[in-house]
Amino acid sequence: MESVFRAYRKEQDREAVHRIWREIGWIDKDQTEAADLMVDAGRTLVAEVNGSAECMVLTAPGSLRYLQEDLPFFGVTGVATSHIARKQGLASRLTAKAVAAATADGALVGGLSMFEQGYYNQIGFGTGSYERWIGFDPARLRISVRPRIPKRLTTEDWEVIHAARLARLRAHGACSLYPAAITRSEFTWIKNAFGFGYDGPPAPDGTRTLSHHILLSAREVEGGPYTIQWMSYQTYEQFFELMALVRNLGDQVHLVRMNEPPGIQFQDLMEQPFKQRRISEKSKHDVRTHSSAYWQTRICDLEGCLAHTHLRCADLRFNLVLSDPIADILDEGASWRGVGGEYVVSLGQDSGAERGRDAALPTLTASVNAFTRLWLG
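Notes on the structure in this doc start here. These figures come from a predicted structure and were not determined experimentally. (Residues numbered from 1 in each chain as written. Predicted model: local features only at pLDDT ≥ 70, side-chain atom pairs only at ≥ 80, totals over all residues. Heavy atoms only, no water.)

### Quick look at unusual backbone geometry
Applicable threshold: Secondary structure elements follow DSSP: runs of H or I of four or more residues count as helices, runs of E of two or more count as strands, with numbering from the N terminus. Relative accessibility decides the category of a residue: with a 1.4 Å probe and only protein chains considered, values under 20% of the type maximum give buried, values over 50% give exposed, and everything between is partly exposed.
A cis geometry characterises the amide bond from Gly224 onward to Pro225, with omega recorded as 5°. With respect to the secondary-structure elements, Pro225 resides in the loop between β11 (210-218) and β12 (226-232). Phi at Lys87 is positive, roughly 60°, even though this residue is not glycine. On the secondary structure map, Lys87 appears in the loop between β4 (69-81) and α3 (90-104). Taking relative accessible area as the criterion, Lys87 reaches 85% and is therefore assigned exposed. For Asn192, which is not glycine, the phi dihedral falls at a positive 55°. Within the secondary structure layout, Asn192 lies in the loop between α5 (180-189) and β10 (193-199).

### Notes on helix α4 (residues 158-166)
Selection rule: Residue contacts are counted whenever heavy atoms from the two residues lie within 4.5 Å of one another.
Looking at α4, one finds that the buried residues are Trp158, Val160, Ile161, His162, Ala164 and Arg165. Structurally, α4 contributes buried residues whose contacts are with β8 (151-153), β9 (175-177), α5, β11 and β12.

### Considerations on the state of the cysteines
We count it as follows: We call a pair of cysteine sulfur atoms a disulfide when they lie within 2.5 Å.
The final tally for this structure, using the stated rule, is zero disulfides. Unpaired in this structure, Cys175 has its nearest cysteine sulfur neighbour in Cys305, at a distance of 12 Å. No disulfide involves Cys305; its sulfur sits 7.6 Å from the nearest other cysteine sulfur, which is in Cys300. Judged by relative accessible area, Cys305 falls into the buried class, the value being 0%.

Written out as structure tokens, the structure reads:
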């Protein structure tokens, strides 16, 4: 099968991309606008086979919060291969090219959500930490806040919503993607989506802002379950006001699911969590918590990442022999071939890495997959 790897051309490739996504079940006839927004939001590469795009990889620029700093980041926002082009190595080679292109643009680290663990390991990605999904009866939330009446948010508010997402309270490991079209696409893509929010102080140019907001979707609009797709807040007081809004839905909605926010043990906010779990077991309103590590990251510039690493520990120096499997997938003539090689690494308040080896130091041998997991924690 002959293939050509190139940039996406909208007039030529749009219908082929829609066909790929329909084949794999990502979109239906009502979601093509959302798909187009996502494709246009960043860089899109395609693999052309017999004159038609049969594989595509999307990336978008953003930032990763590392300790107290924001590092240049890219997210792989979509990888899709048509039914006729599977098992040809197109997705792995195209994703490797996308990683190299984002690195050339200055990204220090990249990330993605995986369809299954193992596939993206061949491109140097290592699995992230577990995240917890909570299912709860909103009427049984232990929150005493009386919320103000919020403003209703629709897809027309996508720009102010996106700005609020970028300005949200972020902890170590939080990722933001810069293109506002991504928020517009996600809001458009999600079925039965609706949002609430509160206005913040006007921006310096006088435009509207949101201080905190929440976006939900409903599997069944009348009784739920509902899913909190995302929430944005700048203080924990704002978080509790948003959760009080969710509590107020409890006279009609019997279950809400959400990703547990960083720094919060959500079980503390649930009334009789174990009793709720027992009496709802095996129902569609099952109150339970499950954990999954569904995302992966990889370092793309070791020296750059360690230059931004400031640790409260005694200084430590060692040799690092780093392997990077992406080198086996990239074209032989590629100018960037991953971060494999030998380094002398320093960890401490001022950290760093430089090419070379010091015979007096101990040696750590690792893949970029594993070292990224160590570095990110």
